[in-house]
Amino acid sequence: MRVIENWMQSRPYLAGELKNQRNGFEKKREDIEMTRIELTEKEAAILIEILESFLSDLKTERVHTDKRELHAEFIERENFVGDLIKRLENKK
């Protein structure tokens, strides 16, 4: 049941990267070099489904974690994934 927590614990470098990225979120999106990909409508719809499923799993894991640091990381990831979903839906 703790798949995401185990996944994050097996990649401790991600916690450091996320902390470093927090500073980047303060910058304007226009000022940040971005990677772009092109998706067909079908590909975007499939990606949205995958992200929504992952978002649901993240919320479940956040509710069941006792570690404050992981709780905060889950919230940050939830916000990020939710933002991606909104951006993909707006491009349809």
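See the structure shown above.
No experiment lies behind these values; they were computed from the predicted model shown.

**Q** Explain the overall build of the protein residue by residue, including any values.
**A** Each helix and strand counted, the protein has four helices and zero strands in total. Written out in order from the N terminus, the α and β elements of the protein read α-α-α-α. In the protein, which comprises 92 residues, the proportion classed as buried is 25%. Long-range pairs, those at least 24 residues apart, make up 77% of the contacts in the protein with a sequence separation of at least 6. With an accessible surface of roughly 7,400 Å², the protein has 51% of that area assigned to carbon and sulfur atoms.

**Q** I'd like a rundown of the environment of Glu 61, residues and numbers included.
**A** Note on placement: Glu 61 falls in helix α3 (residues 41-64). Take Glu 61: its relative accessible area is 5%, and that puts it in the buried class.

**Q** Which residues make up the pattern of salt bridges, and what values do they have?
**A** Scanning the model with the defined rule gives two salt bridges in all. A salt bridge links Arg 87 to Asp 83, with the nearest nitrogen and oxygen atoms 3.0 Å apart. Taken together, the positions of Arg 87 and Asp 83, both in helix α4 (residues 68-90) and four residues apart, correspond to about one turn of that helix. Accessibility expressed as a relative area gives 33% for Arg 87, which makes it partly exposed. For Asp 83, a relative accessible area of 33% gives the class partly exposed.

**Q** Describe the packing of α3 against α4, with residues and values.
**A** With their axes 9 Å apart at the nearest point, α3 and α4 run at an angle of 160 degrees to one another. Relative to α4, the element α3 lies roughly antiparallel. Both α3 and α4 take part in a crossing whose hand is left-handed. On the side of α3, the interface is formed by Ala 44, Leu 47, Ile 48, Leu 51, Glu 52, Phe 54, Leu 55, Leu 58, Lys 59, Glu 61 and Arg 62, while α4 contributes His 71, Phe 74, Ile 75, Arg 77, Glu 78, Val 81, Gly 82, Leu 84, Ile 85, Leu 88 and Glu 89. Residues belonging to the contact of α3 with α4 are distributed by class as follows: 13 nonpolar, two polar and seven charged.

**Q** Please give an account of the side chain of Glu 78 that cites residues and values.
**A** Position of Glu 78 among the secondary structure elements: in helix α4. For Glu 78, a relative accessible area of 11% puts it in the buried group. Other than its neighbours up to four places away in sequence, Glu 78 contacts Leu 55, Leu 58, Lys 59 and Arg 62.

**Q** Explain the nonpolar core residue by residue, including any values.
**A** Ranked by size, the top nonpolar core spans ten residues in total: Ala 44, Ile 48, Leu 51, Leu 55, Leu 58, Leu 70, Phe 74, Val 81, Ile 85 and Leu 88. For this core, the elements supplying multiple residues, two or more each, are α3 and α4. Excluding its chain neighbours within four sequence positions, the residues that come into contact with Leu 51 are Val 81, Leu 84, Ile 85 and Leu 88.

Criteria and thresholds
Residues numbered from 1 in each chain as written. Predicted model: local features only at pLDDT ≥ 70, side-chain atom pairs only at ≥ 80, totals over all residues. Heavy atoms only, no water. Helix = DSSP H or I, 4+ residues; strand = E, 2+ residues; numbered from the N terminus. Buried < 20%, exposed > 50% of the residue type's maximum accessible area, 1.4 Å probe, protein only. Contact = heavy atoms within 4.5 Å. Areas by Shrake-Rupley, 256 points an atom, 1.4 Å probe, with all protein chains shown as cover. Salt bridge = Lys/Arg side-chain N within 4 Å of Asp/Glu carboxyl O. Axes fitted to C-alpha atoms, helices over the stretch in contact; angles between N-to-C directions. Parallel < 35°, antiparallel > 145°, perpendicular 65-115°, else oblique. Left-handed = near helix turned anticlockwise from the far one by under 90°. Nonpolar A, V, L, I, M, F, W, Y, C, P; charged D, E, K, R; others polar. Core = buried A, V, L, I, M, F, W, Y, C linked by side-chain atoms within 4.5 Å.

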